[in-house]
Amino acid sequence: MSNLRMGIIGVGGIAQGRHIPVFMELKDRVAITAVSDINITRAQEAADKFGIPKVYQDYRNMFQDVDAVTICTPNKFHAEITVEALEAGVHVLCEKPMAITVEECEKMIAASEKTNKVLSIAYHYRHMKQAQAAKKAILTGAVGDPLVVRVQALRRRKVPGWGVFTNKELQGGGSLIDYGCHLLDLALWLLGDPEPVQVLGRTYNRLSKTPGQINEWGPIDHESFDVDDHVTSYITFKNGVSLLFECSWAANIKEDSEHLSISGVDGGISVFPFEHYQTSKELFMNTEAPPVVGDEPGLHQAENFIDACMGQAELTVKPREAMKVTKIMEMIYKSSDSEERTLLPN
Ligand SMILES: NC(=O)c1ccc[n+]([C@@H]2O[C@H](COP(=O)([O-])OP(=O)(O)OC[C@H]3O[C@@H](n4cnc5c(N)ncnc54)[C@H](O)[C@@H]3O)[C@@H](O)[C@H]2O)c1
């Protein structure tokens, strides 16, 4: 079978830092034949750097040269580019989040179903070894029925000061839609894609709006800062599970931490690092895996996408699952903006 011809749309940080090098590593199965960027100088530089033959400013002109594209533009353009690519007969791997709104996600899914082309979203945390171990453990009954889930994605004073991460118009939000989405997606996947019924959310940005703050990831303009830098949420699901969520780019905490744990009826797991807690008669039993080194989730993500395009594997990240992450994030933002809160009587 000949190689999959891949195009990259938007050749900024994540395209050059992850997708292009990973597809190059898989050169026996995929060939990057074209890149596109509205910034044609950047597109040409990337093509020269990686030896990619064709360069386009308008991504629409690239569809004739490729079987699949990876979309690495700001979030605002994910939906429209995905729909156009699918309708041109091209498979799509779209960066996360799937889109800013559920309405956009629905259009992406409709286009994929109509054209019968593959659509996946780059929620690469699912491909981490520890996440894979947790998924396998859960499927073999490690926690039994899940009850309570704790998710934390916390960085100490690291607002990404480069690119468009703090641009609400282009990205749709800040720490939640950029970073928290990964851990939220991972939790939903481990839980088997449960149906959310209630979402309470609260977003903050007071710290980043205060002048003179230390920020380890470059300067930020406190005056124009208008996205969330810290978010909390309480989410309940139809199956009775509740999820306690917190994410931040800029917390005043001791150190960065990523935490995802599930307490169930028969046991518990924690993902980073992978641990499994059980009881046996009157004993507590813990299974612990050491932290993983040399993990390559981006490579496994690319392999799964290529396999799916070739009809050789099921997608690890299905679009309807990714849409649910956007749905919950939309509800968190709405809940935080809403005047209607659940209040105790005075
Ligand atoms: N999976 C992850 O962990 C991860 C990490 C970083 C970024 N991302 C996602 O990747 C996407 C891009 O982020 P980035 O950090 O690479 O941004 P970036 O700003 O470095 O690069 C984006 C590129 O897209 C180009 N672009 C903008 N609009 C375009 C359009 N309409 N057509 C073609 N090109 C266009 C820009 O000129 C720029 O070169 C975002 O959706 C972000 O959420 C994911």
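Above this text you will find the structure in question.
For the structure given in this document, a descriptive report is provided here. Along each chain, the written sequence defines residue order, and numbers are assigned to residues from 1. Side-chain atom pairs in this predicted model are given and counted only at pLDDT of 80 or more, local residue features only at pLDDT of at least 70, and totals for whole chains, interfaces and linings cover all residues. Only heavy atoms go into the side-chain values, all of them from the structure, while hydrogens and water stay out.

1. Examining the site of the ligand
Here comes step 1: A molecule or strand has a residue near it when one of that residue's heavy atoms lies within 4 Å. In the neighbourhood of the ligand, 22 residues make up the surrounding shell, with Gly13, Asp37, Arg42, Asn75 and His78 lying closest.
Here comes step 2: Pairs of N or O atoms within 3.5 Å make up the polar contacts considered here, provided that, within protein, one atom can donate a hydrogen while the other can accept it, and that residues adjacent in sequence are counted only when both atoms are side-chain atoms. Between the ligand and glycine 13, the relevant distance is 2.8 Å, taken from an oxygen atom to a main-chain nitrogen or oxygen of the residue.
Here comes step 3: Side-chain polar atom of arginine 42 to an oxygen atom of the ligand: 2.5 Å apart, as the coordinates give it.
Here comes step 4: Residue burial considers only the protein chains on display, and all accessible areas are found by Shrake-Rupley using a 1.4 Å probe. Starting from 860 Å² of accessible surface for the ligand in isolation, the protein chains cover 87%.
Here comes step 5: Detection works on a 1 Å grid of protein atoms alone, calling trapped sets that fit a 1.4 Å probe cavities and calling open sets with protein on both sides within 12 Å along at least five of seven lines pockets, with lining residues defined by an atom within 4 Å of a point. The rule for placing a molecule in a cavity or pocket is simple: more than half of its atoms must lie within 2 Å of the grid points. Taken atom by atom, the bulk of the ligand overlaps the largest pocket.
Here comes step 6: Secondary structure counts use DSSP, requiring at least four H or I residues in a row for a helix and at least two E residues in a row for a strand, with both numbered from the N terminus. Per-element accounting of the shell around the ligand gives the leading share, 3 residues, to helix α1 (residues 13-25).
Here comes step 7: The residue inventory of the shell around the ligand, partitioned by class, reads 8 nonpolar, 9 polar and 5 charged. Nonpolar residues are Ala, Val, Leu, Ile, Met, Phe, Trp, Tyr, Cys and Pro. Charged residues are Asp, Glu, Lys and Arg, and all others, Gly as well, are polar.

2. Structural notes on the pattern of salt bridges
Here comes step 1: Between Lys or Arg on one side and Asp or Glu on the other, a salt bridge is scored when a side-chain nitrogen of the former is within 4 Å of a carboxyl oxygen of the latter. Counted by the stated rule, this structure contains 17 salt bridges.
Here comes step 2: Linking aspartate 178 and lysine 96 is a salt bridge whose minimum nitrogen-to-oxygen distance equals 3.2 Å. Placement of aspartate 178 in helix α7 (residues 175-190) and of lysine 96 in the loop between β5 (91-94) and α4 (102-115) is noted, with a sequence separation of 82 residues between them. Lysine 96 carries the same exposure label as aspartate 178, and that label is buried.
Here comes step 3: A salt bridge links glutamate 314 to lysine 318; its shortest N-O distance comes to 2.9 Å.
Here comes step 4: Think of it in three bands: residues with accessible area under 20% of the maximum for their type are buried, residues over 50% are exposed, and the middle band is partly exposed, with areas taken using a 1.4 Å probe on protein chains only. Residue class for glutamate 314 comes out exposed when judged on its relative accessible area of 60%.
Here comes step 5: Residues joined by salt bridges that share partners form a network here, namely Asp193, Glu195, Lys324 and Lys327.

3. Some remarks on the sheet that holds strand β4 (residues 68-71)
Here comes step 1: Two strands pair under a simple rule: DSSP has to find at least two bridges between them. The sheet built from 6 strands is open, its strands ordered β3-β2-β1-β4-β5-β6 with parallel pairing. With partners counted over all chains shown, the strands left at the sheet margins are β3 (54-56) and β6 (119-121), one partner each. Between one strand axis and the next, the sheet turns by 25 degrees as a mean value, whatever way the strands run.
Here comes step 2: Where strand β1 (residues 4-9) lies against strand β2 (residues 30-36), 6 bridges are found, and the strand directions are parallel. Paired with glycine 7 across the bridge in β2 is alanine 34.
Here comes step 3: Sheet contacts for helix α8 (residues 297-309): β1, β2, β4, β5 and β6; angle to β5, the most-contacted strand, approximately 160 degrees. Axes here mean lines fitted to C-alpha atoms, for a helix over just the part in contact, with angles spanning 0 to 180 degrees between N-to-C directions. Residue contacts follow a heavy-atom distance rule, with two residues in contact if any of their heavy atoms lie within 4.5 Å.

4. What to know about the environment of tryptophan 249
Here comes step 1: Looking at the element boundaries, tryptophan 249 is found in strand β10 (residues 242-251).
Here comes step 2: Spatially, the C-alpha atom of tryptophan 249 lies 5.6 Å from that of serine 175, the residues being 74 residues apart in sequence.
Here comes step 3: Within polar-contact distance, the side chain of tryptophan 249 engages the side chain of aspartate 178 at 3.1 Å.

5. Description of the packing of aromatic side chains
Here comes step 1: Pairing of aromatic side chains requires ring centres within 6.5 Å, counting the rings of Phe and Tyr and the six-membered ring of Trp. Pairs whose planes differ by under 30 degrees are stacked, by over 60 edge-to-face, and all others tilted. What the rule picks out here adds up to 4 aromatic pairs.
Here comes step 2: Measuring from centroid to centroid gives 6.3 Å for tyrosine 125 and phenylalanine 272, while their planes differ by 85 degrees, and the two rings are edge-to-face. Of this pair, tyrosine 125 sits in the loop between β6 and α5 (129-139) while phenylalanine 272 sits in the loop between β12 (268-270) and β13 (275-280), and the two are 147 residues apart along the sequence. Across this residue pair, the class does not change: tyrosine 125 and phenylalanine 272 are buried.

6. Details of the pairing of strand β14 (residues 283-288)
Here comes step 1: For β14, a buried count of 0 out of 6 residues is recorded, marking the element as mostly open to its surroundings.
Here comes step 2: When β13 meets β14, the two strands line up antiparallel, connected through 6 bridges. Following the sheet pairing, glutamate 275 is matched in β14 by glutamate 288.
Here comes step 3: Hairpin connection, β13 to β14: the antiparallel pair is bridged by 2 residues, and lysine 281 has positive phi, about 50 degrees.

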